[in-house]
Amino acid sequence: MAEKNQDRLKAQIISSSAEQTKALAGIIGARLQNGDILALSGELGSGKTCFTGGLALGLGIGEKYRITSPTFTLINEYPAKIKLYHFDIYRIKDYTDFEDLGYEEYFNGDGVVVIEWAEKIAEILPDDSFMITFEYLDENKRKIVMEGPAHRLKELMKDTKMEVV
Ligand SMILES: Nc1ncnc2c1ncn2[C@@H]1O[C@H](COP(=O)(O)OP(=O)(O)OP(=O)(O)O)[C@@H](O)[C@H]1O
Ligand SMILES: [Mg+2]
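Residues numbered from 1 in each chain as written. Chains lettered and ligands numbered in written order. Predicted model: local features only at pLDDT ≥ 70, side-chain atom pairs only at ≥ 80, totals over all residues.

1. Points about the overall build of the chain
As a reminder of what qualifies: Numbering of helices and strands runs from the N terminus; a helix is a DSSP stretch of H or I covering at least four residues, while a strand is a stretch of E covering at least two. In this description the radius of gyration comes from C-alpha coordinates, and the expected globular size is given by 2.2 Å times residues to the power 0.38. Three classes are used. A residue is buried when 20 or more other C-beta atoms lie within 10 Å of its own, exposed when 12 or fewer do, and partly exposed in between, with C-beta atoms placed from the backbone. This entry defines residue contacts through backbone-placed C-beta atoms, with two residues in contact when those atoms are within 7 Å.
Broken down by element type, the chain carries five helices and eight strands. Each helix and strand of the chain, placed in order from N terminus to C terminus, yields the pattern α-β-α-β-α-β-β-α-β-β-β-α-β. Taken over the C-alpha trace, the chain has a radius of gyration of 15 Å; the compact-globule value for 165 residues is 15 Å, and the two agree within 12%. Once the C-alpha set of the chain is aligned to its principal axes, its extents read approximately 45 × 40 × 30 Å. Expressed as a percentage of the 165 residues in the chain, the buried residues total 36%. Partitioning the intrachain contacts of the chain with sequence separation of at least 6 by distance along the chain shows that 71% fall at a separation of at least 24.

2. A short note on the nonpolar core
Nonpolar side chains tend toward joint burial in soluble globular proteins. Applied cut-off: Nonpolar cores are built from buried Ala, Val, Leu, Ile, Met, Phe, Trp, Tyr and Cys residues. These are joined into a set through C-beta atoms within 7 Å.
Ranked by internal contacts, the top residues of the largest apolar core, which has 39 residues, are Leu40, Leu84 and Val114. In contact with Leu40, other than residues within four places in its own chain, are Lys48, Phe51, Val114, Ile115, Glu116, Ala118, Ile132 and Phe134.

3. Description of the site of ligand 1
The condition is simple: Nearness is defined per residue: the C-beta atom, placed using the backbone, must lie within 6 Å of the molecule or strand. Each residue is assigned to one class: nonpolar for Ala, Val, Leu, Ile, Met, Phe, Trp, Tyr, Cys and Pro, charged for Asp, Glu, Lys and Arg, and polar for all the others, Gly among them.
What surrounds ligand 1 is a group of 20 residues, the closest being Thr21, Gly47, Lys48, Thr49 and Cys50. Contributing elements (two or more residues each) for the shell around ligand 1: helix H2 (18-29), helix H3 (48-58) and strand E7 (141-149). Its residues placed into classes, the shell around ligand 1 shows four nonpolar, 12 polar and four charged.

4. Focus on unusual backbone geometry
Positioned with a positive phi, Trp117 is a non-glycine residue whose angle comes to about 65 degrees. As for its position among the elements, Trp117 is in the loop between strand E5 (112-116) and strand E6 (130-138). Even without being a glycine, Asp159 presents a positive backbone phi close to 65 degrees. The residue Asp159 is located in the loop between helix H5 (150-157) and strand E8 (163-164) in this model. Of the residues examined, Asp159 has 8 C-beta atoms within 10 Å and is grouped as exposed.

5. Considering the environment of Tyr103
Relative to the helices and strands, Tyr103 is located in the loop between helix H4 (95-100) and E5. For the pair Tyr103 and Ile75, spaced 28 residues apart in sequence, the C-alpha to C-alpha distance is 9.2 Å.

6. Overview of H5
Rules: Directions pointing from the helix axis toward each C-beta atom define the arc.
Taken together, the buried positions of H5 are occupied by Leu153, Leu156 and Met157. Down the axis of H5, the smallest arc covering the buried residues is 90 degrees, so these residues share one side. Within H5, the exposed residues directed more than 90 degrees away from the buried face are His151 and Glu155. Summarising the contacts, the buried residues of H5 are in contact with strand E1 (8-15), H2 and E7.

7. Focus on the packing of H2 against H3
Worth spelling out the cut-off: Only the contacting stretch of a helix is used when fitting its axis, a line to C-alpha atoms as for every element, and angles between N-to-C directions run 0 to 180 degrees. By definition in this entry, angles of less than 35 degrees are roughly parallel, angles greater than 145 are roughly antiparallel, angles of 65 to 115 are roughly perpendicular, and the rest are oblique. Each crossing gets its handedness from the near helix: less than a right angle anticlockwise from the far helix is left-handed, clockwise is right-handed.
It is the contact of H2 with H3, at a shortest axis distance of 7 Å, that shows an interaxial angle of 40 degrees. In terms of orientation, H2 lies oblique with respect to H3. Remark: the crossing between H2 and H3 carries right-handed chirality. Taken together, the residues of H3 that come into contact with H2 (itself represented by Ala18, Thr21, Lys22, Ala23, Leu24, Ala25, Gly26, Ile27, Ile28 and Gly29) are Cys50, Phe51, Gly53, Gly54, Leu55, Ala56, Leu57 and Gly58. Along the lines of polarity and charge, the residues of the contact of H2 with H3 split into 11 nonpolar, six polar and one charged.

As C-alpha cells, this is what we get:
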C-alpha cells in the first residue's frame, strides 16, 4: 500500500478563468491514452464540464460537439482517434447503481473515461485513475488539484503551470 502511494503525485493550479481551465485541459487531453480514467469531483459549477470540454478539444474532438453534462443518459460518447466517454453521475446514489447499470465495463477499455461526481463511486475506481478536484474560490477562480500515477502525471502537466504539492 505504502509503495503504491509513493508512486502517485499531486499537482495543483489556480485557474483564473474558464478559458484557462479549458486550455489546461486541452494540453492534458492531447496526452491522454486509451484506458485513462479521470475522476472529477467538486461542487456544482466548479468547472468539471468546462474542463471536460477542454479535454475533448485536446483529444481532437471537433468544435461541432459542444460538451454538455449528460443528464438523462448518464453518459455521452464522442468520436475521435481516442474516444471520450463522458459520465455525469450526479443522479445516481452510489457505486452499486453504477454496477447495476453495467457501466464499470467502460473501465476496461478503449477510450478515455471522464466521470463527473466520481466520488460517488470511489470504491470501484481503478487504482491508477487520475483524481481531479475542483474548488470554487470566487466567481472566476478555481483551484484544480490533480492526483495520479507519478510518471503519467509528470508527463500530463508538462508545459502547464501546474505545481507539485
Ligand atoms: N476558472 C474557471 N474554471 C472553470 N469554470 C469557470 C471558471 N471561472 C468561471 N467559470 C464558470 O463556472 C462555470 C462552471 O460550470 P461547469 O458546468 O463546468 O461546472 P460543473 O462542475 O460541471 O457543474 P455541475 O456539477 O453542475 O455539472 C461555467 O459557467 C464557467 O464559465
Ligand atoms: Mg457538469
